[in-house]
Amino acid sequence: EAEVAQSPRYKITEKSQAVAFWCDPISGHATLYWYRQILGQGPELLVQFQDESVVDDSQLPKDRFSAERLKGVDSTLKIQPAELGDSAMYLCASSRLRADRDEQFFGPGTRLTVL
Amino acid sequence: GQQLNQSPQSMFIQEGEDVSMNCTSSSIFNTWLWYKQDPGEGPVLLIALYKAGELTSNGRLTAQFGITRKDSFLNISASIPSDVGIYFCAGDEYGNKLVFGAGTILRVKS
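What counts, and at which threshold
- Residues numbered from 1 in each chain as written.
- Chains lettered and ligands numbered in written order.
- Predicted model: local features only at pLDDT ≥ 70, side-chain atom pairs only at ≥ 80, totals over all residues.
- Heavy atoms only, no water.
- Helix = DSSP H or I, 4+ residues; strand = E, 2+ residues; numbered from the N terminus.
- Rg over C-alpha atoms; globule rule 2.2 N^0.38 Å.
- Buried < 20%, exposed > 50% of the residue type's maximum accessible area, 1.4 Å probe, protein only.
- Contact = heavy atoms within 4.5 Å.
- Areas by Shrake-Rupley, 256 points an atom, 1.4 Å probe, with all protein chains shown as cover.
- Lys, Arg positive; Asp, Glu negative; His and termini not counted.
- Charge placed at Lys NZ, Arg CZ, Asp CG, Glu CD.

Caption draft 1: Local environment of the overall build of chain B. A count of helices and strands for chain B gives 0 helices and 11 strands. Mapped in sequence order, the helices and strands of chain B form the string β-β-β-β-β-β-β-β-β-β-β. Its C-alpha atoms give chain B a radius of gyration of 13 Å, within 12% of the compact-globule value 13 Å for 110 residues. Each principal axis of the C-alpha distribution contributes one length, and for chain B these read about 40 × 30 × 20 Å. For chain B, the residues scored as buried account for 45% of the 110 residues in total. Considering only residue pairs separated by 6 or more positions, chain B has 53% of its internal contacts joining residues 24 or more positions apart. In the structure as shown, chain B presents an accessible area of about 5100 Å², 51% of it carried by carbon and sulfur atoms. Distance between charge centroids for chain B: 5 Å, based on 8 positive and 10 negative side chains.

Caption draft 2: Structural view of the overall build of chain A. Broken down by element type, chain A carries 0 helices and 11 strands. Taken from N to C terminus, the helices and strands of chain A fall in the order β-β-β-β-β-β-β-β-β-β-β. On C-alpha atoms alone, chain A measures out to a radius of gyration of 13 Å, which is about the 13 Å that the 2.2 N^0.38 rule sets for 115 residues. Over its C-alpha atoms, taken along the principal directions, chain A stretches across nearly 40 × 25 × 25 Å. For chain A, the proportion of its 115 residues judged to be buried stands at 46%. Expressed as a percentage of contacts within chain A between residues at least 6 apart in sequence, the contacts between residues at least 24 apart total 54%. Of the accessible surface of chain A, which amounts to about 5900 Å², a share of 48% is contributed by carbon and sulfur atoms. The centroid of the 13 positive side-chain charges in chain A is displaced by 3 Å from the centroid of its 17 negative side-chain charges.

Written out as structure tokens, the structure reads:
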């Protein structure tokens, strides 16, 4: 069964360092999402891509976060510089482009710890 | 922003018991989704609901899309130890943008 791939699974970094996360969506899924999940809470959307274009990045802290999906397939989320409050699970999800269906499938996530 | 109220926050039940949890919203949703998340893993989609009043089952799981389109519930029948985890509801108000509840933690005593 096709799955969303993410790497690394775990990342420990010191504050002020740069970190990057990678996501490969399910083949054929045009829409890709990055979420942040703080312990004890539900995921919150950071950025949504349709193919290579950003559809919604209203919740992305653009002073330190950036995301790209250059060829409309895999995607990278970067944080520079990392802050203590960025410690969280970063989840990638993908879905087909269908207005009447919104089934988003998640990857295993990257657990980020900022020291 | 949009708020989803999910209850209960946690449940500790005996194996074999039925479980019920629900989500309510302050506004109307077009889609309700239910996910299960195990520790250290990403959420796994359990059930998707697209029409008001819709009742959908997936094995021992049953979910319903409320008539008012502002609520949804999930039932698990005859719970087993592998049902342990965190269950999230998520709603889509418009344009494939999901809002998640805070989750219900389910623990099962065997």
